[in-house]
Amino acid sequence: MDLADTPEEAEFRARLREWLAKALPTLPARPSPDDWPARRAYDLGWQRLLYDAGYAHVHWDASPTVRLIFLEETEEAGAPYVGAGFVGLLHAGPTIAAEGTAEQRERWLPPILRGEEVWCQGFSEPDAGSDLAALRTRARRDGDAYVVSGSKIWTSHAEVADWCELLVRTDPSAPRHRGITWLAMPMDAPGVTVRPLRTLAGSAEFAEVFLDEVRVPVENRVGEENDGWRVTMVTLSFERGTAFAGEVVACRRTLGELAREARRDGRWDDPALRRRLGRLNAELRALWRLTQWNVSEAQATGGVPGVGGSVFKLRYSHIRQELYDAAADVLGDDALDLERPWVLDRLSSLSYTIAAGTSQIQRNIVGERILGLPKGP
């Protein structure tokens with residue numbers, strides 16, 4: 001497989017690099033990690049810059065390869081991450097682009113691309129995390145609306161979101177994978193209560209969301225009623241297949257910084273540490289090639305990543321933890337200082353084997369859908 005840029009892709013890469021070199025010095029200072037309204041404004045401001053420069057479209061209208069080039073180049077340049085726009089740009093938006101009606105695409109996609117609206121993800125529940133199909137949030141049809149009651153947890157960016165990609169159970173009598181519906185819920189609807197959750201790293205990008213007789217218009221349903229599990233698999237294929245691609249580039253940059261720090265503080269003389277960093281370098285390079293392969297496969301099959309995304313998510317989750325464990329070795333006693341680089345990243349890395357589908361779930365997907373192993377009893 002030829003993974004080299006085509007002439008058109010090389011031209012896009014060069015043009016993007018030139019624009020980034022001019023645009024990044026004009027950005028304001030990054031806000032405090034704890035100030036989510038300010039972070040929302042900062043992240044949406046960056047998205048607006050991308051939109052005005054003609055680059056916002058790459059998330060949906062460009063080929064998967066061009067999308068990957070965009071993620072690679074912006075991360076290499078140290079551009080802002082999507083931040084509060086994560087769910088809209090990388091989860092809900094691509095799902096609506098793939099599964100929504102023309103009217104839904106027209107309503108929701110342009111505001112996401114222009115940096116005007118933020119989405120959150122209302123999938124997990126207190127008793128339906130890894131076993132997502134066990135969700136119990138109910139939605140009953142009442143005329144031209146669904147009336148929704150229940151609760152969600154680990155809802156990303158709920159405290160600053162305008163919309164929620166919401167999974168609800170619309171047919172309790174159906175087999176559990178067949179009675180689920182995917183809705184777009186306005187977060188300012190009566191009956192929605194948001195309670196932020198503070199993580200081990202001290203941040204509050206997640207929240208509990210409580211829904212008490214919330215009315216969601218039927219026209220906000222993406223896909224057919226009770227077909228939400230299939231639509232959800234589209235969402236999760238983006239989440240596991242391409243949403244973390246830019247983070248692989250960030251990890252490779254962090255690894256280089258670790259090597260330079262080790263040389264400065266004398267720990268580079270430890271052959272065990274050098275071998276460890278060398279192995280991580282090889283693994284991250286291989287993971288990037290896997291990302292390219294997954295993107296090439298998606299391009300050949302209509303733009304939606306396949307189950308190979310589970311292979312990527314499984315290995316990336318563990319490599320990220322191994323990377324920041326190595327960072328703790330480089331920092332030594334300073335690994336307990338929350339003001340030092342990489343320390344908070346190490347704490348947040350602990351969640352990656354759980355977030356976006358646990359490693360156990362990814363192993364099941366790989367075993368059953370790729371290797372063809374039988375399901376357990």
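Whatever comes next refers back to the structure up there.
The rules behind each value
Residues numbered from 1 in each chain as written. Predicted model: local features only at pLDDT ≥ 70, side-chain atom pairs only at ≥ 80, totals over all residues. Heavy atoms only, no water. Phe/Tyr/Trp six-rings, centres within 6.5 Å; stacked < 30°, edge-to-face > 60°. Helix = DSSP H or I, 4+ residues; strand = E, 2+ residues; numbered from the N terminus. Buried < 20%, exposed > 50% of the residue type's maximum accessible area, 1.4 Å probe, protein only. Lys NZ or Arg CZ within 6 Å of the ring centre and 35° of its normal. Polar contact = N/O pair within 3.5 Å; in protein donor to acceptor, adjacent residues only side chain to side chain. Contact = heavy atoms within 4.5 Å. Salt bridge = Lys/Arg side-chain N within 4 Å of Asp/Glu carboxyl O. Expected span 1.5 Å × (residues − 1). Pairing = 2+ DSSP bridges. 1 Å grid on protein atoms, 1.4 Å probe; cavity = no way out; pocket = protein on both sides within 12 Å on 5 of 7 lines; lining within 4 Å. Points joined across faces, edges and corners; volume = space filled by probe spheres on them. Nonpolar A, V, L, I, M, F, W, Y, C, P; charged D, E, K, R; others polar. Core = buried A, V, L, I, M, F, W, Y, C linked by side-chain atoms within 4.5 Å.

As enumerated under the stated definition, the model contains eight aromatic pairs in all. Ring centres of Trp19 and Trp46 lie 5.7 Å apart, and the angle between their planes is 35°; on these two criteria the pair is classed as tilted. Taken together, the residues span a long stretch of sequence, with Trp19 in helix α1 (residues 7-23) and Trp46 in helix α2 (residues 36-53) at a distance of 27 residues. Judged by its relative accessible area of 5%, Trp46 is buried. With a centroid separation of 5.8 Å and an interplanar angle of 85°, the aromatic rings of Trp108 and Trp119 are classed as edge-to-face. Within this pair, whereas Trp108 is found in helix α5 (residues 102-113), its partner Trp119 is found in strand β1 (residues 119-122), the two being separated by eleven residues in sequence. Of the two residues examined, Trp108 and Trp119, each falls in the buried class. Through pairs of rings, three or more aromatic residues link up here, namely Phe12, Trp19, Trp46 and Tyr55. The cationic tip of Arg141 hangs over the ring face of Tyr146; the distance from NZ or CZ to the ring centre is 5.7 Å.

Position of Pro110 relative to the elements: it lies in helix α5. For Pro110, a relative accessible area of 21% corresponds to the partly exposed category. Between the C-alpha atom of Pro110 and that of Gly93, which follows or precedes it by 17 residues, the distance is 9.6 Å.

This brings us to the side chain of Glu73. Secondary-structure assignment places Glu73 in helix α3 (residues 64-76). Of the polar contacts made by the side chain of Glu73, one reaches the side chain of Arg13; its length is 2.6 Å. Not counting residues up to four positions away in its chain, the partners in contact with Glu73 are Arg13, Leu16, Arg17 and Leu20.

Looking now at the pattern of salt bridges. What the rule picks out here adds up to 23 salt bridges. With its nearest N and O atoms 3.1 Å apart, the salt bridge here joins Asp52 to Arg48. Of this pair, Asp52 and Arg48 both sit in helix α2, separated by four residues, roughly a single helical turn. For Asp52, a relative accessible area of 53% puts it in the exposed group.

Time to look at α5. The first and last C-alpha atoms of α5 sit 16 Å apart over twelve residues, in line with the 16 Å expected at 1.5 Å per residue. What α5 keeps buried is the set Gln104, Trp108, Leu109, Pro111, Ile112 and Leu113. Along its buried surface, α5 packs onto α2, α4 (86-99), β1, β4 (163-169), β5 (180-186) and β8 (221-222). Gly115 occupies a position one or two residues after α5 and carries a positive phi of about 75°.

Turning our attention to the pairing of β4. In terms of burial, β4 is largely enclosed, as seven of its seven residues are buried. The alternating pattern of β4 places Trp163, Glu165, Leu167 and Arg169 on one face and Cys164, Leu166 and Val168 on the opposite face, and all of these are buried. As judged from the four bridges shared by β1 and β4, these two strands associate in the parallel manner. Its bridge partner lying in β4, Trp119 is registered against Trp163. In this sheet, β5 lies alongside β4 in antiparallel orientation, the contact comprising seven bridges. The residue bridging Trp163 from the neighbouring strand is Pro186, located in β5.

Another aspect to go through is unusual backbone geometry. Positive phi, normally seen in glycine, also occurs at Glu213, with a value near 55°. Relative to the helices and strands, Glu213 resides in strand β7 (residues 206-217). Here Glu213 falls in the partly exposed class, since its relative accessible area comes to 42%. The phi angle at Asn226 is positive, at roughly 70°, despite the residue not being glycine. Here Asn226 shows up in the loop between β8 and α6 (228-241). Look at Asn226 and you get partly exposed, because its relative accessible area is 24%.

Once that is clear, we can look at empty space enclosed by the protein. Unoccupied space between atoms shows up once a probe the size of one water molecule is rolled over them. Under the definition given, this model contains four cavities of 30 Å³ or more. Here the largest cavity is characterised by a volume of approximately 110 Å³. Every residue lining the largest cavity is counted, 13 residues in all, and those nearest its centre are Phe70, Thr74, Pro80, Tyr81 and Val82. Sorting the residues of the lining of the largest cavity by element identifies α2 and α3 as the ones contributing at least two each. Residue contributions to the lining of the largest cavity peak at four residues, all from α3. A per-class count over the lining of the largest cavity returns eight nonpolar, four polar and one charged.

Membership of the largest hydrophobic core comes to 45 residues, with the highest contact counts inside it found for Phe12, Trp19 and Phe70. Every element with two or more residues in this core is listed here: α1, α2, α3, α7 (245-265), α8 (271-300) and α9 (308-331). Here this core gets ten residues from one element, more than from any other, and that element is α9.

Attention shifts here to the environment of Glu257. Looking at where Glu257 falls in the secondary structure, it is placed in helix α7. Owing to a relative accessible area of 28%, Glu257 belongs among the partly exposed residues under this scheme. Taking the C-alpha atoms as reference, Glu257 lies 9.6 Å from Ala327; in sequence the two are 70 residues apart.

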